[in-house]
Amino acid sequence: MTPLPREIVTAHSPDSDDAFMFYALATKKVRSPNVRFRHVLEDIESLNRKAVEGLYELSAISYHAYPYVADKYVLMSSGSSIGDGYGPMVVAPHPLESEELSGKRIAVPGKLTTAYLALKLFQPDFEAVVTPFDKIMNAVRERSVDAGLIIHEGQLTYDREGFHRVLDLGKWWKNKYALPLPLGGNVLLRSLPDDIRSECCRLMRESIQYALDNREEALSYALQFARDMETSLAEKFIGMYVNHYTLDAGDVVPAAVQKLLDLGHEAGLIPHRVQVEFLR
């Protein structure tokens, strides 16, 4: 009797870029007789917290969260969201110099997000106000905070809503370290059998390749997760965060992740040093 495929609970955020890269798996354009995927959609900070518990077999996480989950998970070489000279931004209701962020109340999307870690590396002295990522612009608008750290499509729409960009963390990181800023990636439970982990890595890569090869089809699917953003902006956002680094991390992404986490440890923001490990 043919064994049933192993169910892999696959958790990722309900964003257009994640939807794009998981499209072929979610719609079974890419499939395997050995594994089947059940998709769970949650915001990235919730996924970070649940990865600490080892809840899902395959999960998207922020790279900042990796030191807290490395005992349970290994990183996948496919599926990274990387800002190459661009990335999370700090915006304010009025013009502000980046040096003026010291002491300010800043809405942040969670303390395990890479955006938060990068901002703490840039400016250690600010008051973090944890806010759901999709409520940060409102908090800035209502002046309940001095500024907001935005990680999603707001990076492309903040100016039309009357906000001023104070800092682009991806640009700062690239200028300072000559590396792309690694924001999020996918992890697999270490306890899964080797053949299942290898199959998951292969299927993830094939899903991303399928989306890149069938862009219009995958974009059409991803647009339903774009939070009412018009097509051209959604396409631009997906193009920013699903790129050649997403298909395969290569050598650059592991080096960038190691640099980021080492700096976080040296700054006292991460309790212990971790050696990054990527699986193909």
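Residues numbered from 1 in each chain as written. Predicted model: local features only at pLDDT ≥ 70, side-chain atom pairs only at ≥ 80, totals over all residues. Heavy atoms only, no water.

### Focus on the overall build of the protein
Within the protein one finds 12 helices and 12 strands. Its C-alpha atoms give the protein a radius of gyration of 18 Å, near enough to 19 Å, the size a compact globule of 280 residues would have. Taking the principal axes of its C-alpha atoms as reference, the protein extends roughly 65 × 45 × 30 Å. Taking the contacts inside the protein whose residues are at least 6 apart along the sequence as the reference set, 77% of them involve residues at least 24 apart. Treating the 31 positive side-chain charges of the protein as one cloud and the 38 negative ones as another, the clouds have centres 2 Å apart. (Helix = DSSP H or I, 4+ residues; strand = E, 2+ residues; numbered from the N terminus. Rg over C-alpha atoms; globule rule 2.2 N^0.38 Å. Contact = heavy atoms within 4.5 Å. Lys, Arg positive; Asp, Glu negative; His and termini not counted. Charge placed at Lys NZ, Arg CZ, Asp CG, Glu CD.)

### A word on the side chain of Ser207
When you line up the elements, Ser207 lands in helix H8 (residues 194–213). Note on Ser207: relative accessible area 0%, which makes it buried. Within the structure, Ser207 has its side chain in polar contact with the backbone nitrogen of Ala24 (distance 3.5 Å). Residue contacts for Ser207: discarding those within four places in its chain leaves Met21, Phe22, Tyr23, Ala24, Leu25 and Val30. (Buried < 20%, exposed > 50% of the residue type's maximum accessible area, 1.4 Å probe, protein only. Polar contact = N/O pair within 3.5 Å; in protein donor to acceptor, adjacent residues only side chain to side chain.)

### With respect to helix H12 (residues 252–266)
Look at H12: 21 Å from first C-alpha to last across 15 residues, which is about the 21 Å you get at 1.5 Å a residue. Among all positions of H12, only Val253, Pro254, Ala256, Val257, Gln258, Leu260, Leu261, Asp262, Leu263 and Gly264 are buried. Of the residues one or two after H12, Gly268 is the one with positive phi, at around 80 degrees. (Expected span 1.5 Å × (residues − 1).)

### Re the nonpolar core
Counting 96 residues, the largest nonpolar core has Tyr66, Leu101, Leu119 and Leu188 as the members making the most contacts within it. Residues contacting Leu188, with those up to four places away along its chain left out, are Glu57, Leu58, Lys72, Tyr73, Val74, Met76, Arg197, Cys200, Cys201 and Leu279. Judged by nonpolar contacts, the second largest core, of 12 residues, contains Ala139, Val145, Tyr158 and Phe163. (Core = buried A, V, L, I, M, F, W, Y, C linked by side-chain atoms within 4.5 Å.)

### What to know about the pairing of strand E4 (residues 73–76)
Pairing of E4 with strand E11 (residues 181–189), which is carried by three bridges, proceeds in the antiparallel orientation. Residue pairing in the sheet places Tyr73 in a bridge with Leu189 of E11. Where E4 meets strand E12 (residues 278–279), two bridges bridge the pair, whose relative direction is parallel. Across the sheet, Leu75 pairs through a bridge with Phe278, a residue of E12. (Pairing = 2+ DSSP bridges.)

### Concerning the pattern of salt bridges
One pass over the structure, following the stated rule, counts 18 salt bridges. Notably, a salt bridge pairs Arg36 with Glu7, separated by 3.1 Å at the nearest N-O pair. Here Arg36, found in strand E2 (residues 35–41), pairs with Glu7, found in strand E1 (residues 6–12); they are 29 residues apart in sequence, far enough to count as distant. The partly exposed category is assigned to Glu7, whose relative accessible area is 26%. (Salt bridge = Lys/Arg side-chain N within 4 Å of Asp/Glu carboxyl O.)

### Regarding the side chain of Asn48
Along the chain, the position of Asn48 falls in helix H2 (residues 44–52). Classification of Asn48 as buried rests on a relative accessible area of 0%. In this structure, Asn48 is in contact with Ile61, Ser62, Ala65, Leu112 and Thr113, ignoring residues within four places of it in sequence.

### Here we look at the packing of aromatic side chains
The full count for this structure, using the stated rule, is 11 aromatic pairs. Between Tyr23 and Tyr221 the ring centres are 5.0 Å apart and the planes differ by 45 degrees, which places this aromatic pair in the tilted class. Here the residue Tyr23 occupies a position in helix H1 (residues 16–26), and Tyr221 occupies one in helix H9 (residues 215–222), the gap between them amounting to 198 residues. Ring centres 6.1 Å apart and planes at 75 degrees place the aromatic pair Tyr116 and Phe126 in the edge-to-face group. Pair noted here: Tyr116 is in helix H4 (residues 114–122) and Phe126 is in the loop between H4 and strand E8 (127–130), with a separation of 10 residues, a long-range link. Neither Tyr116 nor Phe126 differs from the other in exposure class; each is buried. Joined through ring pairs, the aromatic side chains of Tyr23, Tyr210, Tyr221 and Phe225 make up one cluster. Here the basic side chain of Lys120 rests over the ring of Phe126, its NZ or CZ set 5.2 Å away from the ring centre. (Phe/Tyr/Trp six-rings, centres within 6.5 Å; stacked < 30°, edge-to-face > 60°. Lys NZ or Arg CZ within 6 Å of the ring centre and 35° of its normal.)

### Here we look at H8
The end-to-end C-alpha distance of H8, which contains 20 residues, comes to 28 Å, matching closely the 28 Å that a straight helix rising 1.5 Å per residue would cover. If you check which residues of H8 are buried, you get Ile196, Arg197, Glu199, Cys200, Cys201, Leu203, Met204, Ser207, Ile208 and Ala211.

### Describing the sheet that holds strand E9 (residues 147–150)
In spatial order, the strands read E8-E7-E9-E6-E10; together these five strands make up an open sheet with mixed pairing. Edge positions in the open sheet fall to E8 and strand E10 (164–168), since each of these has one partner strand only. Geometrically, the sheet is characterised by an average inter-axis angle of 30 degrees between neighbouring strands, direction not taken into account. Docked against the sheet, H4 engages strand E6 (89–92), strand E7 (105–108), E8, E9 and E10, running at close to 130 degrees with respect to E9. The strands touched by helix H7 (residues 169–177) are E9 and E10; relative to E10, the strand with the most contacts, the crossing angle is about 35 degrees. (Axes fitted to C-alpha atoms, helices over the stretch in contact; angles between N-to-C directions.)

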